[in-house]
Amino acid sequence: MTDDVAIVGAGPTGLLLAGDLAAAGVPCTVLERRAGESNLTRAFAVHARTLELLDARGLADELLRTGTTVDRLHVIGGVVLDLTWLPSRFPFMLITPQYHTERLLERRARALGARIVTGVEVTGLRQDADGVELELRTEEAATERRRAAYVVGADGVRSTVRRAIGLGFPGRSAVGSMMLADVRLKEAPREALSVAGGAVGFALVASFGDGWHRVIAWNRGHQLADGAPVDLDELRDTTRCAYGTDFGMHDPRWASRFHSDERQVARYRSGRVLLAGDAAHVHSPAGGLGMNAGLQDAANLGWKLAAEAQRRAPAGLLDSYHAERHPVGRATVRASATMLRLALARSRLLRATRGPVARAVTRIPPLNRRATGFVSGIAITYPDGGRRAPDFPLTGGGRLYEALGAGRFVLIAPAGHGVPDGWADRVDQATAAGERLLVRPDGYVAWSAGDGDLRAALARWCGPPAGRAVSRDRQDGLDVDIARRG
Ligand SMILES: Cc1cc2nc3c(=O)[nH]c(=O)nc-3n(C[C@H](O)[C@H](O)[C@H](O)COP(=O)(O)OP(=O)(O)OC[C@H]3O[C@@H](n4cnc5c(N)ncnc54)[C@H](O)[C@@H]3O)c2cc1C
């Protein structure tokens, strides 16, 4: 029997998750308040690890064609972060409007059979031992109820799901009156992405590669309420103060004023309800990390929730979503906060020293790699040692990340060391020169030669071997049993 998952919110997080669940054969429905396509283009930075995850889903090459890539990030104070060293197919950052990413994810989710229902707002929920009852309001203002075995709140920063399960969103307001616009420039900056700052505030200019540029600007002396319209002259003045030129900006197609909070929920799971993306953690756009973190949450959660919904998950698997992603969320909020504070620096001393100090630090290759490893997502590891599996060619053709496209575990082992009996229904096998690894569906290493018994790792991550169905309360005992038998 297969359970049903309801995902609240068709933003990037909800759409990637819906595709993964549908690919695993889990019936799922996305409930989205908006009636039409979002006209917001918030995120524009897609980092290397996210591109790898999209690559495993067959979407990266198409997304790359929608934008422009940058392999050296020119950040405040003349600091240059070098991405060319990244051990990835994608040693760069992609600049593309968020709606391109969302369109590809939505197309994939629908093609795989996920239902996406728009014009429906989730107004509350109640969970019991067997499932979750959602309360919905339709466009016609009718109230409806819907039951699901599991619910994922991917409903953004003001998450109704988070409130309905009684969780707070501790943190603070970080910055207000940030201006955002997509404009044309008479004279574009030399770099595809750059940031400049001064006493008045700062500005960021990023090129989408199609003649449009994203400008984000903040003026310390001109703080207005969120809803106040953005005046092009105000944007020009602030950009001029930061860069010494406004690049001849004109014809804005879209402008808005926003504020950012830095917050994180204490628990990503409450019984049958899970939180992901901005519903779980939020911070300013500094670093371009939010959408990337949400997509990586979804990739971590999808295969675990699919196993849980299909009643084949080993004990503790679904809880490992919080254990793995909460610390990453915390580090992401902190990293973004540090970058924001440097950009907003009020103190003259800090403004004068931030550039030289950061330049000196980032010229030291290990420190540059540390910074870019985190921002790109390539260096993110999980608490019990789970590290990212690098992509590599497989014997006989193809790459590891293509093999991960099936959404299953992949055992990389020499011929003659195949998938042990009882796990072939969940684990594919491939060979690659010099590699012996068990790779999770999200591209993290579950086991490698030298880690001890492969069967113990299989039992821990995939569940017991087929034909040895056990009750959940015996699961831990089974893991130990298998480990002992070696
Ligand atoms: C100016 C700006 C620039 C940014 N730049 C970047 C960047 O370069 N890179 C980056 O990685 N991130 C960036 N971000 C952050 C990024 O936009 C968010 O992190 C990302 O959109 C979060 O995705 P999500 O799917 O979790 O939530 P959202 O995109 O907020 O989607 C939530 C969805 O849920 C729906 N919804 C809400 N409540 C309900 C309800 N009750 N019922 C039904 N549906 C509901 C909403 O309509 C929405 O469609 C930026 C953010 C801002 C503001």
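In this text the structure is predicted, and so the values were computed from the model without any measurement.

With that settled, the discussion passes to the environment of A459. Within the element layout of this structure, A459 appears in helix 12 (residues 454-462). Taking the relative accessible area as the measure of exposure, A459 reaches 0% and is therefore buried. Residues A459 and P314, spaced 145 residues apart in sequence, show a C-alpha to C-alpha distance of 7.3 Å.

Before going further, it helps to spend a moment on the packing of aromatic side chains. Within a pair of aromatic rings, the relevant descriptors are the distance that separates the centres and the angle that separates the planes. Enumeration according to the criterion identifies six aromatic pairs in this entry. With centroids separated by 5.4 Å and ring planes inclined at 90°, the aromatic side chains of W303 and F409 adopt a geometry described as edge-to-face. With W303 in helix 7 (residues 290-309) and F409 in strand 21 (residues 409-412), the pair connects residues that are 106 residues apart, well separated along the chain. Exposure class is identical for W303 and F409. Each is buried. Note on W303 and W461: the rings are 6.3 Å apart at their centroids and 50° apart in plane angle, and the pair reads as tilted. Here the residue W303 occupies a position in helix 7, and W461 occupies one in helix 12, the gap between them amounting to 158 residues.

Attention now moves to the side chain of S320. Relative to the elements of secondary structure, S320 occurs in helix 8 (residues 319-344). The contact partners of S320, leaving out residues within four places of it in the chain, are K304 and W461.

It is worth spelling out the site of the ligand at this point. Close to the ligand lie 31 residues; E32, R42, D278, M291 and N292 are nearest. Backbone polar atom of P12 to an oxygen atom of the ligand: 3.3 Å apart, as the coordinates give it. Relative to its unbound accessible area of 1000 Å², the ligand is 92% covered by the protein chains. If you list the elements that add at least two residues to the shell around the ligand, you get helix 1 (12-23), strand 2 (28-32), strand 9 (120-127) and helix 7. Grouping the amino acids of the shell around the ligand by side-chain chemistry returns 14 nonpolar, 10 polar and seven charged.

Moving on: the sheet that holds strand 8 (residues 115-118). In any sheet, the strands associate via hydrogen bonds between backbone groups, in a parallel or an antiparallel arrangement. Strand order in this open sheet of six strands is 8-2-1-12-19-18, and the pairing throughout is mixed. The strands lining the two open edges of the sheet, one partner per strand, are strand 8 and strand 18 (269-270). Bridging between strand 1 (residues 5-8) and strand 2 involves four bridges; their strand directions are parallel. Along strand 2, the bridge assignment pairs V8 with L31. Helix 7 contacts strand 1, strand 12 (150-153) and strand 19 (273-275) of the sheet and is inclined by roughly 165° relative to strand 12.

A separate point is helix 10 (residues 365-376). Here helix 10 contains 12 residues, and its C-alpha end-to-end distance of 16 Å stays within 8% of the 16 Å for a straight helix at 1.5 Å per residue. Count one or two residues on from helix 10 and you reach G377, which has phi positive near 85°.

Two elements in contact, helix 7 and helix 8, have axes separated by 10 Å at closest approach and are oriented at 175°. With respect to their mutual orientation, helix 7 and helix 8 come out roughly antiparallel. Every residue of helix 8 that contacts helix 7 at A293, Q296, D297, N300, L301 and K304 is listed here: S320, Y321, E324, R325 and T332. Tallied by class, the residues present in the contact of helix 7 with helix 8 amount to three nonpolar, four polar and four charged.

Glancing now at the sheet that holds strand 11 (residues 143-148). With antiparallel pairing, the three strands of this open sheet are ordered in space as 9-10-11. With one partner strand each, in any of the chains shown, strand 9 and strand 11 form the two edges of the open sheet. Geometrically, the sheet is characterised by an average inter-axis angle of 25° between neighbouring strands, direction not taken into account. The pairing of strand 10 (residues 132-138) with strand 11 spans six bridges and is antiparallel. The residue bridging R137 from the neighbouring strand is T143, located in strand 11.

Right, let's get into the environment of L404. If you trace the backbone, L404 turns up in the loop between helix 11 (400-403) and strand 21. L404 sits in the buried class, given a relative accessible area of 3%. In this structure, the C-alpha to C-alpha distance between L404 and L53, residues 351 residues apart in sequence, is 9.4 Å. Setting aside anything within four residues of it in sequence, one finds L404 in contact with A56, V410, V439, R440, P441 and G443.

The terminal C-alpha atoms of helix 7, which comprises 20 residues, lie 27 Å apart, in line with the 28 Å expected from a rise of 1.5 Å per residue. Where helix 7 bends most, the angle comes to about 30°, and this point is L301. With 20 of its 20 residues buried, helix 7 lies for the most part within the structure. Taken from the residues just after helix 7, R311 is the one with a positive phi, measuring 55°.

Procedures and definitions
- Residues numbered from 1 in each chain as written.
- Predicted model: local features only at pLDDT ≥ 70, side-chain atom pairs only at ≥ 80, totals over all residues.
- Heavy atoms only, no water.
- Helix = DSSP H or I, 4+ residues; strand = E, 2+ residues; numbered from the N terminus.
- Buried < 20%, exposed > 50% of the residue type's maximum accessible area, 1.4 Å probe, protein only.
- Phe/Tyr/Trp six-rings, centres within 6.5 Å; stacked < 30°, edge-to-face > 60°.
- Contact = heavy atoms within 4.5 Å.
- Near = heavy atom within 4 Å.
- Polar contact = N/O pair within 3.5 Å; in protein donor to acceptor, adjacent residues only side chain to side chain.
- Areas by Shrake-Rupley, 256 points an atom, 1.4 Å probe, with all protein chains shown as cover.
- Nonpolar A, V, L, I, M, F, W, Y, C, P; charged D, E, K, R; others polar.
- Pairing = 2+ DSSP bridges.
- Axes fitted to C-alpha atoms, helices over the stretch in contact; angles between N-to-C directions.
- Expected span 1.5 Å × (residues − 1).
- Parallel < 35°, antiparallel > 145°, perpendicular 65-115°, else oblique.
- Bend = angle between axes of the 7 residues up to and from the residue.

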